[in-house]
Each structure stands twice: as C-alpha cells, then as structure tokens.
Amino acid sequence: MSQTVGDAGAPVYLPSGGASSSPYVSLFGRPVIPIEQCETVGTTGDIILADMSQYALADKSGVQQDVSIHVRFVYRVDGQPMLSSAIIPFKEANTLSPFVALASRD
C-alpha cells in the first residue's frame, strides 16, 4: 500500500524490522500492536487508535513482597483516560478524542 504525495509516494504499511526499523508493524507511521483484549475482527473495538500520553496511571506504594515458600508479589495499579468525554469543538460538528475505536463493519 502507498499514498501519493506529489510526484512520489509514501508507504502506508511497513512490516516490522526492514524499512520501518521498528519491532512493530507500522500504519501511517504509527505502531500496530496486537493485544488479546481487543474485540473480535469486524466488531466495534477490534481496532483502536490510542494516544497513551492522554492516559493517567497511578501505582500505590510500589511492589510488596511477602516471604514464604510460595513467591507472591502484590502490585496495585489503576488508570483511566485524562478526559472524561470527547472534546466538542466550538465551530465543528465532529468530536475529538485521544481514544478512537473503529466501528463494526461487514
């Protein structure tokens, strides 16, 4: 796949390693990271574009380790988007969000 830019073209999809010099596949220069928590292919949420700089993460008091014959670590962490809803621009009908999920399709 390529996108025409002037008289030349620019790659849209680059496999990992090779020309992208990234451990992940890239689409329009952004990394594509498959995760098992996404929905089934073709349904809402199977592909998500996320700006993780807009996600707040908090951990509580680091890692706690108990001494026993069974190794056990406790790590308390929670996170949520920094914005509670999408941004509605003053002069535009389209909303903006740092987290977008592709709609379901046939």
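Look up: the structure comes first, before these words.
Summarised in this report is the structure supplied together with it. (Residues numbered from 1 in each chain as written. Predicted model: local features only at pLDDT ≥ 70, side-chain atom pairs only at ≥ 80, totals over all residues. Heavy atoms only, no water.)

Some remarks on the overall build of the protein
Put simply, the test is: Put simply, DSSP marks the helices as runs of H or I at least four residues long and the strands as runs of E at least two long, and each gets a number from the N terminus on. Categorising residues by exposure relies on relative accessible area from a 1.4 Å probe, with only protein chains included: less than 20% of the type maximum marks a residue as buried, more than 50% marks it as exposed, and the intermediate range marks it as partly exposed. Pairs of residues are marked as contacts when any of their non-hydrogen atoms sit within 4.5 Å.
Of the regular secondary structure elements, the protein holds zero helices and nine strands. Each of the 106 residues in the protein was classed as buried or not, and the buried ones make up 7%. Partitioning the intrachain contacts of the protein with sequence separation of at least 6 by distance along the chain shows that 36% fall at a separation of at least 24.

Describing the sheet that holds strand S4 (residues 25-27)
By way of backbone hydrogen bonds, the strands of a sheet pair with one another, either parallel or antiparallel. Filter applied, for reference: Two strands make a pair as long as DSSP finds a minimum of two bridges between them.
Strands sit in the order S3-S4-S5 across an open sheet of three strands; the sheet is antiparallel. Strand pairing shows two members of the sheet lacking a second neighbour, strand S3 (13-14) and strand S5 (30-32), which therefore form its edges.

Considering the packing of aromatic side chains
Definition in use: Pairs were defined over the aromatic rings of Phe, Tyr and Trp, the Trp ring being its six-membered one, requiring ring centres within 6.5 Å. Orientation was assigned from the angle between planes: stacked under 30 degrees, edge-to-face over 60, tilted for the rest.
All told, the structure shown has one aromatic pair when counted by the stated rule. Look at tyrosine 55 and phenylalanine 99: their rings are 6.3 Å apart centre to centre, the planes differ by 80°, and that puts the pair in the edge-to-face class. In this pair, tyrosine 55 sits in strand S7 (residues 55-66) while phenylalanine 99 sits in strand S9 (residues 99-101), placing the two residues 44 residues apart along the sequence.

Here's the deal with a nonpolar patch on the surface
Rule in force here: Patches draw on residues past 30% relative accessible area with no salt bridge. Two like charges within 9 Å are joined, as are two nonpolar side chains (Val, Leu, Ile, Met, Phe, Trp, Tyr) within 5 Å. Here, Shrake-Rupley sampling with a 1.4 Å probe gives the accessible areas, and only protein chains in the shown set may cover a residue. We define a salt bridge as a contact between a side-chain nitrogen of Lys or Arg and a carboxyl oxygen of Asp or Glu at a distance within 4 Å.
A cluster of nonpolar residues, Met52, Tyr55, Leu57, Tyr75 and Val77, forms a patch on the protein surface that exposes about 520 Å² of accessible area. Contributing elements (two or more residues each) for the nonpolar patch: S7 and strand S8 (72-81). Here valine 77 lies in strand S8.

So, the pattern of salt bridges
In total, this model carries one salt bridge according to the counting rule given. We note a salt bridge from aspartate 46 to arginine 105, for which the minimum N-O separation is 2.5 Å. Taken together, the positions of aspartate 46 in the loop between S5 and strand S6 (48-50) and arginine 105 in the segment after S9 put the pair 59 residues apart, joining distant regions of the chain. The exposure class of aspartate 46 is buried, given its relative accessible area of 11%.

Observations concerning the side chain of aspartate 46
To keep it simple, the criterion reads: Polar contact criterion, stated in full: a pair of N or O atoms within 3.5 Å, where within protein one must be able to donate a hydrogen and the other to accept it, and residues adjacent in sequence count only if both atoms are side-chain atoms.
Polar contacts involving the side chain of aspartate 46 include one to the side chain of arginine 105, which spans 2.5 Å. With residues up to four places along the chain from it excluded, the contact list for aspartate 46 reads Cys38, Glu39, Thr40, Val41, Leu102 and Arg105.

Here's the deal with the environment of glycine 45
In this fold, glycine 45 is placed in the loop between S5 and S6. The exposure class assigned to glycine 45 is buried, which follows from its relative accessible area of 11%. Sequence-wise, glycine 45 and alanine 101 are 56 residues apart; in three dimensions their C-alpha atoms are separated by 5.0 Å. Residue contacts for glycine 45: discarding those within four places in its chain leaves Cys38, Glu39, Ala101 and Leu102.

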